[in-house]
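Remarks on the overall topology
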4 protein chains.
Amino acid sequence: MATAETAQRADPAELAARTREFVREVVLPLDDEYDGDIAAAGGEGARVRLQDAARDAGVFAPHAPVELGGHGLGMTDRAAVFEEAGYSLFGPLALNIAAPDEGNVHLLAEVATAAQRQEFLTPLALGTQRSAFAMTEPAPGAGSDPSALLTRAVRVSDGWSISGRKWFITGADGAGFFIVMARTGGEPGGPDGATMFVVPAGSPGLTVGRHLDTVDRSMIGGHCEVTFEDVVVPQDNVLGAVDEGFRYAQVRLGPARMTHVMRWLGAARRAHESAVQHVSGRDAFGATLASLGMVQQQIADNEIDLAASRALLLRACADLDAGDRAASQSTSIAKTFAAEALFRVADRSMQICGGLGVSAELPVARIHRELRPFRIYDGPSEVHRWAIARRAVRRVAGARV
Amino acid sequence: MATAETAQRADPAELAARTREFVREVVLPLDDEYDGDIAAAGGEGARVRLQDAARDAGVFAPHAPVELGGHGLGMTDRAAVFEEAGYSLFGPLALNIAAPDEGNVHLLAEVATAAQRQEFLTPLALGTQRSAFAMTEPAPGAGSDPSALLTRAVRVSDGWSISGRKWFITGADGAGFFIVMARTGGEPGGPDGATMFVVPAGSPGLTVGRHLDTVDRSMIGGHCEVTFEDVVVPQDNVLGAVDEGFRYAQVRLGPARMTHVMRWLGAARRAHESAVQHVSGRDAFGATLASLGMVQQQIADNEIDLAASRALLLRACADLDAGDRAASQSTSIAKTFAAEALFRVADRSMQICGGLGVSAELPVARIHRELRPFRIYDGPSEVHRWAIARRAVRRVAGARV
Amino acid sequence: MATAETAQRADPAELAARTREFVREVVLPLDDEYDGDIAAAGGEGARVRLQDAARDAGVFAPHAPVELGGHGLGMTDRAAVFEEAGYSLFGPLALNIAAPDEGNVHLLAEVATAAQRQEFLTPLALGTQRSAFAMTEPAPGAGSDPSALLTRAVRVSDGWSISGRKWFITGADGAGFFIVMARTGGEPGGPDGATMFVVPAGSPGLTVGRHLDTVDRSMIGGHCEVTFEDVVVPQDNVLGAVDEGFRYAQVRLGPARMTHVMRWLGAARRAHESAVQHVSGRDAFGATLASLGMVQQQIADNEIDLAASRALLLRACADLDAGDRAASQSTSIAKTFAAEALFRVADRSMQICGGLGVSAELPVARIHRELRPFRIYDGPSEVHRWAIARRAVRRVAGARV
Amino acid sequence: MATAETAQRADPAELAARTREFVREVVLPLDDEYDGDIAAAGGEGARVRLQDAARDAGVFAPHAPVELGGHGLGMTDRAAVFEEAGYSLFGPLALNIAAPDEGNVHLLAEVATAAQRQEFLTPLALGTQRSAFAMTEPAPGAGSDPSALLTRAVRVSDGWSISGRKWFITGADGAGFFIVMARTGGEPGGPDGATMFVVPAGSPGLTVGRHLDTVDRSMIGGHCEVTFEDVVVPQDNVLGAVDEGFRYAQVRLGPARMTHVMRWLGAARRAHESAVQHVSGRDAFGATLASLGMVQQQIADNEIDLAASRALLLRACADLDAGDRAASQSTSIAKTFAAEALFRVADRSMQICGGLGVSAELPVARIHRELRPFRIYDGPSEVHRWAIARRAVRRVAGARV
């Protein structure tokens, strides 16, 4: 994400402040009206309108390269901006920093050729096109264990032919192109042999199927089944080097996990602040709810969980910005902690709001609903803990387990 | 609930076994097809069909007096039956033991006059009519603190005139009558002066308003706003004695909390068993998911939480059946523990099912969604803990706090 | 434990009430004076005096067969009595129901020959002798995985010769005899081939070594290293059948785990009640500590944890009394839950007592100290969870993992 | 703590590395030999020897002003050094950064007059004298609520006469002087009217009484009762301004809480690393303990808790170094989280070490024992949560509760 034109970069604090204002004035009303359901709010039409407004407000694409109209912020600098965007469930979409596009911009900026940048990165960064990242497969394929990858790509005269079945592909419906992980070598279960391909929507043999009916509703384009039946792409559509796909996936996943944390941090903060507002204005048992010890305990625990998530996030961002190998551990730790802590924040906020907390009257229930999958998406907590423990054993005891 | 005709009562274990079979064969298919959304499944029409089937299967109304066609089971005996019914989100409705009707049957059987039994209890027990219990009010009225009751009833020549606003009234849309809590004396915040009235649907001045958009979707008739504007009922519609409403509410609430626990215990068990089935058939990292330690930990914790919820429930039921004063504490403890433990069960089940766990592909996500409000409905955990602590201080230290 | 002479059995409730009184009047003063340190309180001399007093009070040996002077209570009936005894850290010793003697009485009553009963069970039940159970070995021997058993017994002309090294052998210092688990067949790691031997103290080759310096101090005779160097015992000292030791260990361990729960339940209840007394008499921030919400939450959680531990315990005792196979699961669940819950009770009690809670001024700190190892002794929580999960997978999915 | 002579300050990373080496080579052997019991290890004699060794190693007094022989590190810079010192329970004493002396150095450096610096700060910073901070009183005096302060100081012709009773005064036995909090105005319960006095040991009327028998044993000079009976000190011994004592207490407490976190972070890390070493070398059930999922989960959770504690600590240190008002909230959050998280680390470490974990064979049990009071000392978690919640309500809702 580095660029020479640092002079044109936004001041991160100022950009965060403007983002906060933009989100409150422009984005939250739509979010609240449609209870965070992007399809109900208008889907693609809503996206275009929100992104236009973000461009007008000068807060569009804080992460994208400056030469592509973005603000060129590194990981540490973008944290506060993304958190402000995440304060609304539609905020990341408005700023063009929602998953999976945001992570795909990062990946393409790192590994795309000049032609690929032109064809795929530019429209993505500008918001004229959406994208998807097609890795996850139904059992027994690539799930929490990516090495189980079953989708295959074989060389054909005019490039590669891809066949396989994916699902839970976020944003697939309406995406302009797909970054597809397919096996070009090795065996399922092995650590090697995956390659990334860019596949334009509309390619013959590519079908976007049903939307899986998941609990969240704020992600545009759904979580879809996508099948590839002898989908042929030219050699130029190989992303990076053949057989290096698992390594690139890591390039994408470390930062992508952290930007997830940033966005969900904003959402959890909104749940918390809504709840604090609520209990500050309600009486029960002869006192303000906010003066009751058991309510205060939940408010305090929310403050602690938010602060700890943010502190771990910034530690990991510093490692990523520095290119430090420690980032493997610190991003796993930040993701695992935040995914659990931020859901706890939403859950306590729900609890102290009582009946209103489980209704659409307040934004809390919808944030609770949207946040839960984060403990599963981008590596379930269990897989991260496994990796964290193994690194600890290696560091402390020099042993491999 | 006691009846002399014990000879006609069902054998509880046998009734539970039949209920299990009925639920699996008749009810679960509908539940699964419509993702636990009773309105989508047909609403009132679905209710009638399911209840007819339950009558045919001989499992209808396990709780209702024998003379009204029920099985006359006491609290302890009904526990296993209700749990089996709760295995499907639609099971309680099928057996006519869903909230609020089930609790209203209990209340009416305890305090109704002969005429009231005839007019209200009988159709309710038979399933020819539904009902609602109208206590909760918007702030600053009766919420987690019932004594804040604002709805008022004043004597008029031909009985009582009731005015006030209620919300979160479960089952209101389509109910044949409402049991309404209104203030006839005392002041908001005071411990006395509430009276219960039975108000038929269609009474002039009674309006069932919008459905609050809550996270759960399995309760027929929604959670509605209900307004009373000078709704006049005759003296005969007073339930029990004037000014004794808070005491009757306790009569209803203790057992009602326990039957909630029974039903949700069944739902949580289904989430758990679905998850165990899922992980027993999936491989990752070269092994069955069910053989991984972190998955086993969650399975074991589910078993523990289910067993502890059931053990506390049966302890409280024994106290209720014995008419023991200890039931105040043991029902509070069982409700508080179970509401939290059963949600944990659903949450762990969701987690170990991965992406499928947050989708409608498995029943887990819907059970997670339906279970969450139980920590708030029928007394939030915080209010129960407050009561539990105060009783402990009184018992141990002889002090009042 | 069944006996024909039921007429002579104590009424369990009455015996529990007398035990409560005895413990408060006779045992607690010594416990408090010496901060629960049995060696400081006089060790063997204290044991003799306390047991004499218990005999005088008619509360001695509630568990032992009636023909040996005990009260002959089954598992369910003894629960309340043992809990009352456990209210003091020295109470179980006073009633002769401390580990490991209590479990050894149970084991011998089940499997000993008439001669073995005479020689070993009788003095143990009467309190004229103490005993130890020698199973645990240093790594790589039998630890949380008993099948790793390394101590070997080989046939010699005059019986068996036992060699091996044990540690963490509770009560070894001063024990009259040892029940020793030794390998007579199979291989370390295998499920078979262990045999139990009774080895009298003073046998040539038997050495009781150093006391391991563990955090608890209330167990008489310490947790010792014990070595066996060609210790020869006659064939008559084989307990039960050769190669059946692992099976007998289960006979002993299921009930022994439950009596642990009973005793620690009493101790945890004392910590809780001491804390409730403390906070009911203290003011801070203008109010009684017991009126503060965060304190009430901890009191309530203690009440819940105590109630749930007791309910799970009684469920498991009913299974054990009925000889139900379900007891494997229910005792594992009760042990695992209670070991964690009761420590939480002690920990919260400590917390709400502030500085006094971590001092010897109140009994809380010592109970906290004594309770912690229970999550490790008699099967660490992790091993129990592993077993619980595997049984659940088998029951629900018919699979073995 | 700022000083102009920054040129002479140590490089923090280099000082941390040297501290690590010093602690491992010089301090840990003594710690391990005496199980972290400073009295058993020689008390004052051990302190002198350890501090001499620290001076020789160039790691003495990282916090003290450069002109007094210290390294002059600010809060952020000292974090890693203090953590390395805390890796041994005796490390902080060796470096002269143990409580309460370390906090008293900070306080005196902020508010002492030149004469007071000469007489009290200099010998304290040099390690030729120890000190105590006498604030806590028995009920109904100053406990978790400092405003309940009962000790009084009244003006007399030659200065002030102090009378009152303190307890839990850490380091009192052997202290060269006491910083005493006494009421000079206002009323118990009020927010004003406390003054700090420096009282030399040996002053007539000053008695250091019994040591309270607390669970920890690593703090030199115990936790003592101290009584003041008409102890007269001259006006020059007033620390700062009269009636400003509560404000100065905050000056001391914010940083003191953070240095506690630093030290305990080191101790908890040692428990964790000892446990990881242990499980990496042990087999059970056919595998290394470190390869079992439930063990890995605990290792991972330890890594997460350590990382989160450290991240929150550094956030608060940055606020303190910047003189930012946000430090009130961030130090409360860091203290509350770390006190609970670090005990969890010790507790999990204990658990995965099994029987050895609750014995003196490994350092884990002693760290578990020493860490527990931190959730109570320097403000119990409940008081911090109360303050955290109130600040949140004020910030979010503009309300005071």
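The structure presented is a predicted model; accordingly, all values stated were derived computationally and were not measured.

With that settled, the discussion passes to the overall build of chain A. In terms of regular secondary structure, chain A is built from 12 helices and 10 strands. Over its C-alpha trace chain A gives a radius of gyration of 21 Å, about what one expects of a compact globule, namely 21 Å for 401 residues. The buried share among the 401 residues of chain A stands at 61%. Restricting to contacts in chain A with at least 6 residues of sequence separation, those with at least 24 account for 73%.

All names here are of chain A. Partitioning chain A into domains gives domain 1 (6–98), domain 2 (131–243) and domain 3 (246–397). Relative to domain 2, the C-alpha centre of domain 1 lies at a distance of 28 Å. The partner domain 2 presents 5 residues to the 10 residues of domain 1 that form the contact.

Moving on, we get to the relation of the copies chain C and chain B. Overlaying chain C with chain B gives an RMSD of 0.0 Å, the required rotation being 180 degrees about an axis along which the chain moves by 0.0 Å. Such a turn and shift between the copies fits a two-fold axis. Residue alanine 311 of chain C of chain C places its C-alpha closer to the rotation axis than any other residue of that unit, at 2.6 Å. Of all interface residues in chain C, 100% are interface residues in chain B too; the two copies therefore contact each other through one and the same surface.

What follows concerns the packing of helix α5 (residues 101–111) of chain B against helix α6 (residues 114–126) of chain B. Residues and elements named next belong to chain B. Closest axis-to-axis distance for the α5/α6 pair is 10 Å, and the angle between their directions is 150 degrees. As far as their axial angle goes, α6 and α5 are roughly antiparallel. In this structure, α5 crosses over α6, and the sense of that crossing is left-handed. Residues Asp101, Asn104, Val105, Leu108 and Ala109 of α5 form the contact with α6, whose participating residues are Gln116, Arg117, Phe120, Leu121, Leu124 and Ala125. Of the residues contributing to the contact of α5 with α6, the split by class is 7 nonpolar, 2 polar and 2 charged.

Let us look at the environment of aspartate 347 of chain C. Here aspartate 347 of chain C lies in helix α9 (residues 327–352). In this structure, the C-alpha to C-alpha distance between aspartate 347 of chain C and methionine 262 of chain C, residues 85 residues apart in sequence, is 18 Å.

The next thing to look at is the pairing of strand β2 (residues 152–156) of chain A. Each regular strand displays side chains that alternate between the two surfaces of the sheet. Residues and elements named next belong to chain A. Here 5 bridges tie β2 to strand β3 (residues 159–170), and the two strands are oriented antiparallel to one another. When the bridges of β3 are listed, valine 154 appears paired with serine 161. In this structure, the hairpin formed by β2 and β3 is closed by a connection of 2 residues.

The next subject is the packing of helix α3 (residues 75–86) of chain D against helix α8 (residues 293–322) of chain D. Residues and elements named next belong to chain D. Two numbers describe how α3 lies on α8: the axes approach to 8 Å, and their chain directions differ by 145 degrees. Contacts between α3 and α8 involve Met75, Thr76 and Ala79 from the first element and Leu313, Leu314, Cys317, Ala318, Leu320 and Asp321 from the second. Of the residues contributing to the contact of α3 with α8, the split by class is 7 nonpolar, 1 polar and 1 charged.

What follows covers the interface of chain C and chain B. Facing the 31 residues of chain C at the interface are 31 residues of chain B. Here the residues of the side of chain C that touches chain B sort into 20 nonpolar, 7 polar and 4 charged.

Turning to the interface of chain D and chain A, a few remarks are in order. Every contact between the two is made by 31 residues of chain D and, on the other side, 31 residues of chain A. A total of 11 residues in the side of chain D that touches chain A trace back to one element, the largest contributor, which is α8 of chain D. In terms of residue class, the side of chain D that touches chain A is made up of 20 nonpolar, 7 polar and 4 charged.

In this section: the relation of the copies chain D and chain A. Take chain D, turn it by 180 degrees, move it 0.0 Å along the axis, and it overlays chain A with an RMSD of 0.0 Å. By residue overlap, the copies meet face to face through one surface: 100% of the interface positions of chain D are interface positions in chain A.

What follows covers the UniProt feature "domain: Acyl-CoA dehydrogenase/oxidase N-terminal" (unreviewed entry) in chain A. Within the UniProt annotation, "domain: Acyl-CoA dehydrogenase/oxidase N-terminal" (unreviewed entry) is assigned to residues 14–127 of chain A. Annotated as residues 14–127 of chain A, this span is 65% helix and 0% strand, and its ends, taken at the C-alpha atoms, are 23 Å apart.

Right, let's talk about the UniProt feature "domain: Acyl-CoA dehydrogenase/oxidase C-terminal" (unreviewed entry) in chain A for a bit. Here the UniProt feature "domain: Acyl-CoA dehydrogenase/oxidase C-terminal" (unreviewed entry) sits at residues 243–392 of chain A. For residues 243–392 of chain A, the end-to-end C-alpha separation is 29 Å, with 77% helix and 3% strand making up the annotated structure.

What counts, and where the lines are drawn
- Residues numbered from 1 in each chain as written.
- Chains lettered and ligands numbered in written order.
- Predicted model: local features only at pLDDT ≥ 70, side-chain atom pairs only at ≥ 80, totals over all residues.
- Helix = DSSP H or I, 4+ residues; strand = E, 2+ residues; numbered from the N terminus.
- Rg over C-alpha atoms; globule rule 2.2 N^0.38 Å.
- Buried ≥ 20, exposed ≤ 12 C-beta atoms within 10 Å, placed from the backbone.
- Contact = placed C-beta atoms within 7 Å.
- Domains from an automatic or database assignment.
- Least-squares fit on C-alpha atoms with pLDDT ≥ 70 in both.
- Axes fitted to C-alpha atoms, helices over the stretch in contact; angles between N-to-C directions.
- Parallel < 35°, antiparallel > 145°, perpendicular 65-115°, else oblique.
- Left-handed = near helix turned anticlockwise from the far one by under 90°.
- Nonpolar A, V, L, I, M, F, W, Y, C, P; charged D, E, K, R; others polar.
- Pairing = 2+ DSSP bridges.
- UniProt positions renumbered as here; feature names shortened; annotations may be inferred.

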